[in-house]
Amino acid sequence: MTQANYDYDLFVIGGGSGGVRAARIAALTGARVAIAEEYRMGGTCVIRGCVPKKFMVYASKYGKDIKHAAGYGWSVGDVSYDHSVFAAAMHAEVDRLSGIYMRNLKNTSVEVFEDRAELVDGHTLRLKASGKTITAGKILIAVGGTPWMPSDLPGVEYAISSNEIFHLKNLPNELVVYGGGYIAVEFAHVFAGLGVPTTLVYRKDTVLRGFDEDVRKAVHQGLIEAGVNVITNAVFTQISKDGADDRPLTVELSDGQNLRADTVMMALGRVPNTDGLGCEAAGVALDKGGAIVVDEWSKTNVDSVWAVGDVTDRVALTPVAIREGHAFADTEFGGNPWHFDHADIATAVFCQPEVGTVGLSESDAREQHGEVDIYKTDFRPMKNALNGDTSRILMKLIVRQSDELVLGVHIVGDDAAEIIQAVGIAVKMGVTKPDFDRTCALHPSAAEELVTMRTKWVPEA
Ligand code: FAD
């Protein structure tokens, strides 16, 4: 069959960050493009991920800001928070953004199917609700991931995931978060900041596995200082419900503790959305976790099928899915072949205070590069001198000893995400420690400490 005999040149499954970008860029080259989305256009990021989460972080932080304003002379009367007012505003903005995604697709002549699509073979799809069969010269799978729920945990049906946390009508009376990754940590802070008694249960001893050890310790300590009851080295053995009071759920832990709550949130990681997608029928290879196996061009083992974003389990972040989708479309339709380089991606954890990080952790740097020098500082930011906020800022540079190349930059503190985005440019360009040293400080700022660290850190004997 020639390209012209297919219904479309490109069919994209999944209207999230990666799929929408690829569809639009391909359509702009004149290709005949269609996209299927089974839930809401915009995907996880816009509908139930980054965007509403960041709004919740902002909502939570206002509480602290109001309290701390007194140190700067503001007298603040009785304050209260109404979750329904906030939630309505948040959902209105999410609706607006989802509408923009839809309009942008239609403006670039992408045909939109509000339906689930499943693969029949390497060129054929079936739409679930309409039953329609569609053919395409190329297929891009961009179906993302979904929260993993431990189906063998008794009482798991009483728990919610990050999908539902955005739809709570009222604040929980008491919340238990299960997990130690960034989503668990962020939501524990959000709700503690909103005044909800919050417990975080994690099976290991320090949250944020995979991050730099100093960052992990600072964030762990930050949770405790924020009033979160952090329980480590324990797992859930059962959740039960007795309906007795405003905390009808009991979470039983492996260490013998019982926790009462009305809301239990699982944040134990995410799995690729490949169940029932038809990958077997189309011959598309999956890894043992269900992720689609792709090469550096995001191409699967089937000649006409590509995959981008979370479903490939490379780096599960919105800007990464967008870049992978863009690279695919430029390469396959725009006559401009390039692929995304996954090294040195700046990223954040929106805990309070937040984490901004780019490059390698100290342990990964030592493992991959041998001898490294560490520069680090931990200080009380100027703003906190007057407001009673006890939080501090941690900054850490990891420098390869042989040529002073900066391998990693890690910040825990207010505005760390904003700072690290700019530092990420320098790291991507191959910045060295002498480049940091000859950069003039911007005073007074917290970020100036990044360019004034002169003394190598020596571990205590
Ligand atoms: P998605 O955005 O998940 O889109 C996939 C789409 O495919 C979905 O809309 C789904 O409904 C649809 N779909 C699935 N199967 C089918 C099918 N068979 N047919 C049709 N449609 C289908 N990333 C960041 O960079 N920063 C953050 O701060 C951040 N915070 C997050 C917070 C939370 C709570 C979560 C859950 C995620 C967060 N992420 C964050 C991760 C980010 O949301 C994802 O990396 C990103 O959305 C991945 O994009 P994607 O295109 O791969 O998939």
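Our subject in this report is the structure included herewith. (Residues numbered from 1 in each chain as written. Predicted model: local features only at pLDDT ≥ 70, side-chain atom pairs only at ≥ 80, totals over all residues. Heavy atoms only, no water.)

## Comments concerning the site of the ligand
Inference 1: What surrounds the ligand is a group of 38 residues, the closest being Gly18, Glu37, Thr44, Lys53 and Asp310.
Inference 2: For the ligand, an oxygen atom lies 2.7 Å from a polar atom in the side chain of Glu37.
Inference 3: Within the side chain of Arg116, one N or O atom sits 3.2 Å away from a nitrogen atom of the ligand.
Inference 4: Relative to its unbound accessible surface of 1000 Å², the ligand loses 96% to contact with the protein.
Inference 5: Every element with two or more residues in the shell around the ligand is listed here: α1 (17–28), α2 (43–48), α3 (50–69), α6 (182–193) and α9 (318–332). (Near = heavy atom within 4 Å. Polar contact = N/O pair within 3.5 Å; in protein donor to acceptor, adjacent residues only side chain to side chain. Areas by Shrake-Rupley, 256 points an atom, 1.4 Å probe, with all protein chains shown as cover. Helix = DSSP H or I, 4+ residues; strand = E, 2+ residues; numbered from the N terminus.)

## What to know about the pattern of salt bridges
Where charged atoms of side chains with opposite charge meet at close range, the side chains can pair.
Inference 1: According to the stated counting rule, one finds 27 salt bridges in the structure shown.
Inference 2: Across the pair Glu332 and Lys138 runs a salt bridge, and its minimum N-O distance is 2.9 Å. Linking Glu332 in helix α9 with Lys138 in strand β6 (residues 133–141), this pair joins segments that are 194 residues apart in sequence.
Inference 3: Lys433 is the partner of Asp437 in a salt bridge, and the nearest nitrogen-oxygen pair spans 2.6 Å. Of this pair, Asp437 and Lys433 both sit in helix α13 (residues 433–437), separated by 4 residues, roughly a single helical turn.
Inference 4: Ionic contacts of the salt-bridge type, sharing partners, join the residues Asp212, Asp214, Glu362, Arg366, Lys376 and Lys396 into one network. (Salt bridge = Lys/Arg side-chain N within 4 Å of Asp/Glu carboxyl O.)

## Topic: a nonpolar patch on the surface
Inference 1: A cluster of nonpolar residues, Tyr58, Tyr62, Ile66, Tyr72, Trp74, Val76, Val79 and Leu386, forms a patch on the protein surface that exposes about 870 Å² of accessible area.
Inference 2: Note that Val79 resides in the loop between α3 and α4 (83–107).
Inference 3: Its relative accessible area of 53% is what places Val79 among the exposed residues. (Patch = residues over 30% accessible without salt bridge, like charges linked within 9 Å, V, L, I, M, F, W, Y side chains within 5 Å. Buried < 20%, exposed > 50% of the residue type's maximum accessible area, 1.4 Å probe, protein only.)

## Examining the packing of α3 against α6
Inference 1: Remark: α3 packs on α6, axes separated minimally by 8 Å, with the N-to-C direction vectors making an angle of 35°. Handedness of the α3/α6 crossing: left-handed. Two secondary-structure elements touch here, α3 through Lys53, Met56, Val57 and Ser60 and α6 through Tyr182, Glu186, Phe187, His189, Val190, Phe191 and Gly193.
Inference 2: Residues belonging to the contact of α3 with α6 are distributed by class as follows: 6 nonpolar, 3 polar and 2 charged. (Axes fitted to C-alpha atoms, helices over the stretch in contact; angles between N-to-C directions. Left-handed = near helix turned anticlockwise from the far one by under 90°. Contact = heavy atoms within 4.5 Å. Nonpolar A, V, L, I, M, F, W, Y, C, P; charged D, E, K, R; others polar.)

## Looking at the state of the cysteines
Inference 1: Evaluated as defined, the whole model comprises 0 disulfides.
Inference 2: In this model Cys45 remains outside any disulfide bridge; the closest cysteine sulfur is found in Cys50, 3.2 Å from its own.
Inference 3: You can call Cys45 buried: its relative accessible area is 10%. (Disulfide = S-S within 2.5 Å.)

## Let's talk about the side chain of Lys396
Inference 1: Relative to the helices and strands, Lys396 resides in strand β20 (residues 393–400).
Inference 2: At 2.8 Å, the side chain of Lys396 forms a polar contact with the side chain of Asp212.
Inference 3: Setting aside residues up to four positions removed in sequence, Lys396 forms contacts with Asp212, Asp214, Glu362, Ile374, Tyr375, Lys376, Gly408, Val409 and His410.

## What to know about the environment of Glu118
Inference 1: Within the secondary structure, Glu118 is located in strand β4 (residues 117–121).
Inference 2: Glu118 sits in the partly exposed class, given a relative accessible area of 22%.
Inference 3: Glu118 sits 82 residues away from Ala36 along the chain, and the two C-alpha atoms are 9.7 Å apart.
Inference 4: Leaving out residues up to four positions away in the same chain, Glu118 has contacts with Thr124, Leu125, Arg126, Lys128, Gly276 and Leu277.
Inference 5: Within the structure, the side chain of Glu118 is placed 2.6 Å from the side chain of Arg116, a separation counted as a polar contact.

## Structural notes on the pairing of strand β12 (residues 249–253)
Inference 1: Across the 5 residues that make up β12, a large majority, 4, are buried.
Inference 2: Alignment of strand β11 (residues 236–241) against β12, held across 5 bridges, turns out to be antiparallel. Paired with Phe236 across the strands is Leu253, a residue of β12.
Inference 3: Taking the residues between adjacent antiparallel strands as the criterion, β12 and strand β13 (residues 258–261) are bridged by 4 residues, where Gly256 takes a positive phi near 95°. (Pairing = 2+ DSSP bridges.)

## Re the packing of aromatic side chains
Inference 1: Scanning the model with the defined rule gives 8 aromatic pairs in all.
Inference 2: Centre to centre, the rings of Tyr81 and Phe86 are 6.4 Å apart; their planes meet at 40°, and the pair counts as tilted.
Inference 3: Aromatic rings pair up to connect Tyr8, Phe11 and Phe113 into one cluster.
Inference 4: We note Lys376 situated over the ring of Trp457; from NZ or CZ to the ring centre the distance is 3.7 Å.
Inference 5: Sitting over the ring of Tyr375, Lys433 keeps its end group 4.3 Å from the ring centre. (Phe/Tyr/Trp six-rings, centres within 6.5 Å; stacked < 30°, edge-to-face > 60°. Lys NZ or Arg CZ within 6 Å of the ring centre and 35° of its normal.)

## Some remarks on the nonpolar core
Inference 1: With 39 residues, the main nonpolar core has Met56, Ile165, Phe191, Leu200, Val207, Val219 and Leu223 as its most contacted residues.
Inference 2: Of all elements in the fold, only α3, α4, β8 (175–178), α6, α7 (213–225) and β17 (347–349) reach the threshold of two or more residues within this core.
Inference 3: Considering every element that reaches this core, the biggest residue donor is α6, with 7 residues.
Inference 4: When near neighbours in sequence (up to four residues on either side) are disregarded, Val219 contacts Val185, Val207, Leu208, Cys351, Val355 and Val412. (Core = buried A, V, L, I, M, F, W, Y, C linked by side-chain atoms within 4.5 Å.)

## Some points on the sheet that holds β20
Inference 1: Sheet architecture is open: 5 strands sit in the order β17-β18-β21-β20-β19, paired in antiparallel fashion. Two strands bound the open sheet, and with one partner strand each, they are β17 and β19 (372–379). This sheet shows a mean twist of 10° between the axes of neighbouring strands, independent of strand direction.
Inference 2: Pairing of β17 with strand β18 (residues 355–359), which is carried by 3 bridges, proceeds in the antiparallel orientation. Considered in β18, the bridge of Thr347 is made with Thr357.
Inference 3: Running at roughly 10° to β18, helix α12 (residues 416–429) makes contact with β17, β18 and β21 (406–412) of the sheet.

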